[in-house]
Amino acid sequence: MRLRAISLLSLSVALLTGSANAADIMVYFGTHGLTAADVRPGQPVPPTGIYAARFNEETGVLTPLGLSIELGRPTWLVVSPDKPIIYSGNELGNDGKSNGQVLALTPDGDTGKLKILSQIDAKGGGTTHLTFDAPAHTLIAANYGSGQAVSFPVNDDGTIGDAVSVEQHDGSGPNPRQKSPHAHGVTVDPSGQYVLSPDLGADRIFISRIDPATHQLTPAATPYEAVPAGSGPRHLIFSPNGKFAYLNTELTAELRVYAWDATAGKLTSVQTLSTVAKDFYGKKSAGEITLSKDGRFFYVSNRGEDTIAVYSVSAKTGRLTEIQRISSQGDQPWHFTIDPTGKWFLIANEASSSVAVFKRDPKSGKLAPSPSTIDLPKPVFVLFGPQ
């Protein structure tokens with residue numbers, strides 16, 4: 001799909017002078033960035049990095065603030081649970097020629113600008129996903145290019161220490177993208193005992209124990225859960241009660257629901273369903289998944305179909321039932337998030353270089369488009385900043 005030409009004016013890196021009001025909160029966007037082919041002839045290419053905007057929680061309006069910090073492929077962001085710090089991965093090195101990085105960034109609450117607090121080698125290439133284990137004071141990264149889950153201690157001041165544990169994945173699959181392991185996500189289970197890492201290349205969910213005292217990762221008694229060949233596991237999340245885990249598979253665009261036994265560290269399959277419509281025959285590519293805070297509704301983006309699918313969740317069985325399928329109002333919805341009020345839903349459409357704001361009904365879970373949208377250079381992540 002060809003990316004539309006983007007006006008440089010809409011991607012200005014200069015901060016706007018408009019003042020914030022009480023209903024505004026800061027939101028940050030990780031990007032893939034543009035190339036010369038993506039902009040109008042004669043215009044310079046906007047820098048790759050993290051961009052900021054103010055979001056009004058009453059109106060749903062986004063006010064762009066421009067570039068916060070220039071970084072190479074900041075594709076995943078995490079907020080510290082107790083400090084005004086944002087952690088970012090730097091997805092360089094998917095070609096195996098260099099390593100990615102993990103960074104701690106401090107935000108300016110007025111301007112949205114970010115400064116580097118600390119920057120650490122990720123011990124592998126293509127750092128694509130992060131999670132913060134608050135009780136263990138541990139940051140965990142998934143290195144896509146080299147197929148690893150890596151743990152880092154987080155110091156009392158929020159800076160990142162050198163990596164203490166590197167879990168190397170193994171395995172491959174039948175798809176041309178599965179010649180070697182490609183860790184695509186890392187998630188700490190609600191009990192705080194395990195880290196689960198879906199691997200797109202190996203068709204496995206790797207399961208490791210985490211030691212809160214040492215930050216070390218070690219293979220669990222059941223070291224992985226296999227999925228059907230060619231599935232391409234992408235991201236995994238847990239239900240709020242910790243009883244169920246939800247996985248999306250990128251290559252086959254499926255959702256897989258599991259019962260989770262935190263005592264044994266084991267997944268048991270409950271349900272598998274397609275995320276695309278029955279009459280869709282294009283390329284399948286699942287993107288992001290999330291649950292509402294109350295655990296009643298589940299959302300998944302389809303980057304081939306350019307849709308968001310919405311499901312109700314059975315609290316008893318964990319099973320999903322589709323209740324809505326809606327256009328993402330752009331091309332290739334890479335990532336999305338629900339705002340802190342639960343009334344808004346922001347979608348990063350990578351291929352159309354746009355962010356769309358949807359209204360969300362907390363009672364029904366359903367989405368409706370709003371007029372609010374902004375242009376950004378291939379956005380792939382949406383993060384509400386420290387509150």
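Residues numbered from 1 in each chain as written. Predicted model: local features only at pLDDT ≥ 70, side-chain atom pairs only at ≥ 80, totals over all residues. Heavy atoms only, no water.

### Some thoughts on the sheet that holds strand β12 (residues 187-188)
Then, in step 1: The four strands are arranged β12-β13-β14-β15 in an open sheet whose pairing can be described as antiparallel. Two strands bound the open sheet, and with one partner strand each, they are β12 and β15 (217-226).
Then, in step 2: Bridge analysis of strand β14 (residues 204-210) against β15 gives six bridges, and the strand direction is antiparallel. Within β15, the position partnered with R204 by the bridge is A226. (Pairing = 2+ DSSP bridges. Helix = DSSP H or I, 4+ residues; strand = E, 2+ residues; numbered from the N terminus.)

### Here's the deal with the pattern of salt bridges
Then, in step 1: Counting across every chain of the model gives 11 salt bridges.
Then, in step 2: Salt-bridge contacts for D82 lead to K83; the nearest nitrogen and oxygen are separated by 3.6 Å.
Then, in step 3: Residues E254 and R256 are paired through a salt bridge, measuring 3.9 Å at the closest nitrogen-oxygen approach.
Then, in step 4: Given the relative accessible area of 22%, E254 is considered partly exposed.
Then, in step 5: By sharing partners, the salt bridges in this structure join R177, R234, E250 and R303 into a single network. (Salt bridge = Lys/Arg side-chain N within 4 Å of Asp/Glu carboxyl O. Buried < 20%, exposed > 50% of the residue type's maximum accessible area, 1.4 Å probe, protein only.)

### Things to note about the environment of V357
Then, in step 1: In this structure, V357 sits in strand β26 (residues 354-360).
Then, in step 2: Beyond its immediate chain neighbours, meaning those up to four positions away, V357 contacts F55, G60, L62, W344, F345, L346, P369, S370 and S372. (Contact = heavy atoms within 4.5 Å.)

### Details of the confidence of the model for the protein
Then, in step 1: For the protein, mean pLDDT is 94; residues scoring 70 or higher make up 95% of the total.
Then, in step 2: Every residue in residues 1-18 scores below 50 in pLDDT, and together they form 50 contacts with partners more than four places removed in sequence or on other chains. (pLDDT = per-residue confidence, 0-100.)

### Observations concerning the nonpolar core
Then, in step 1: Membership of the largest hydrophobic core comes to 29 residues, with the highest contact counts inside it found for Y28, I50, Y87, V102, L139, F152 and I160.
Then, in step 2: Broken down by element, this core gets its largest block of residues, four residues, from strand β6 (residues 101-107).
Then, in step 3: Setting aside residues no more than four positions away along its own chain, F152 makes contact with V102, I120, D121, A122, H137, T138, L139, A141, I160, G161, D162 and A163.
Then, in step 4: Core analysis: the second largest hydrophobic core is formed by 17 residues, Y51, F55, L67 and F384 among them. (Core = buried A, V, L, I, M, F, W, Y, C linked by side-chain atoms within 4.5 Å.)

### Section: the pairing of strand β3 (residues 62-70)
Then, in step 1: Pairing between strand β2 (residues 49-56) and β3: seven bridges, direction antiparallel. If you follow G49 over to β3, its bridge partner there is E70.
Then, in step 2: Connecting β2 to the next strand, β3, in antiparallel fashion are five residues, including G60 with a positive phi near 80°.

### Topic: the packing of aromatic side chains
Then, in step 1: Throughout the structure, instances matching the rule amount to 11 aromatic pairs.
Then, in step 2: Ring centres of F55 and F384 lie 5.7 Å apart, and the angle between their planes is 70°; this geometry places the pair in the edge-to-face category. Here F55 is found in strand β2, whereas its partner F384 is found in strand β28 (residues 379-384), with 329 residues between them in sequence.
Then, in step 3: Ring geometry for F336 against F345: centres 4.8 Å apart, planes inclined by 25°, an arrangement best described as stacked.
Then, in step 4: What makes F336 buried here is its relative accessible area of 2%.
Then, in step 5: Cluster of aromatic residues (ring-pair linked, three or more members): F55, W344 and F384.
Then, in step 6: Geometry around W334 places R303 over its ring, the cationic atom sitting 4.2 Å from the centre. (Phe/Tyr/Trp six-rings, centres within 6.5 Å; stacked < 30°, edge-to-face > 60°. Lys NZ or Arg CZ within 6 Å of the ring centre and 35° of its normal.)

### Brief notes about the sheet that holds β28
What links the strands of a sheet is backbone hydrogen bonding, and the strands pair in either a parallel or an antiparallel sense.
Then, in step 1: Taken together, the four strands give an open sheet; going across it, the order is β3-β2-β1-β28, and neighbouring strands pair in antiparallel fashion. In this open sheet, the two edge strands, each paired with only one partner strand, are β3 and β28. Within the sheet, the average angular offset between the axes of one strand and its neighbour, ignoring direction, is 25°.
Then, in step 2: Taken together, the five bridges between strand β1 (residues 24-31) and β28 define a ladder with antiparallel strand orientation. If you follow G30 over to β28, its bridge partner there is F381. (Axes fitted to C-alpha atoms, helices over the stretch in contact; angles between N-to-C directions.)

### Observations concerning unusual backbone geometry
Then, in step 1: The backbone phi angle of H137 is positive, close to 50°, even though this residue is not glycine.
Then, in step 2: Residue Q332 is not a glycine yet carries a positive backbone phi of 60°.
Then, in step 3: Summarising the element assignment, Q332 is placed in the loop between β23 (320-327) and β24 (333-338).

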